[in-house]
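# Residue-level structure breakdown
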Amino acid sequence: MPPFDIIRADTTNAAEMLGWQDRVGVAEPGKFADLVAVAGHALADIGELEPVRFVMKNGQLIRNDLVMPRRSAISPS
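In short, a report on the structure. Bear in mind that the values here come from a model prediction, so they are computed numbers and not experimental data.

Here we come to the overall build of the protein. When its secondary structure is counted, the protein shows 1 helix and 3 strands. Tracing the protein from N to C terminus, the helices and strands come up as α-β-β-β. The 77 residues of the protein split such that 8% are buried. Considering only contacts within the protein whose residues lie at least 6 apart along the sequence, 20% involve residues at least 24 apart.

Within the structure shown, the criterion is met by 3 salt bridges. The partner of Arg63 in a salt bridge is Asp65, with the nearest N and O atoms 2.7 Å apart. Take Asp65: its relative accessible area is 41%, and that puts it in the partly exposed class.

We now examine the sheet that holds strand S1 (residues 35-37). Read from one edge of the open sheet, 3 strands run S1-S2-S3, paired in antiparallel fashion. Here the strands that pair on one side only, and so sit at the sheet edges, are S1 and strand S3 (60-64). Neighbour-to-neighbour, the strand axes of this sheet turn through a mean angle of 10 degrees, independent of strand direction. Direction of pairing for S1 relative to strand S2 (residues 54-57): antiparallel, over a ladder of 3 bridges. Bridged to Val36 within S2 is Val55.

What counts, and at which threshold
- Residues numbered from 1 in each chain as written.
- Predicted model: local features only at pLDDT ≥ 70, side-chain atom pairs only at ≥ 80, totals over all residues.
- Heavy atoms only, no water.
- Helix = DSSP H or I, 4+ residues; strand = E, 2+ residues; numbered from the N terminus.
- Buried < 20%, exposed > 50% of the residue type's maximum accessible area, 1.4 Å probe, protein only.
- Contact = heavy atoms within 4.5 Å.
- Salt bridge = Lys/Arg side-chain N within 4 Å of Asp/Glu carboxyl O.
- Pairing = 2+ DSSP bridges.
- Axes fitted to C-alpha atoms, helices over the stretch in contact; angles between N-to-C directions.

If you want it as structure tokens, here you go:
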């Protein structure tokens, strides 16, 4: 199965099978969306979905391994 079809089966199709397509399955205004971020391109390599680096569930940050280094408050002159 192509990666796109796998992702769709796990999201949109699963929501439709459960009868929840009016609430979940896509990232749209007014719907619940759990978001993940990965380092690579999942459509090129579905294995990129395994090492999840960022998770937002129901609007709450659950995991963030993508933290950017902080800049110093004092700029070098």
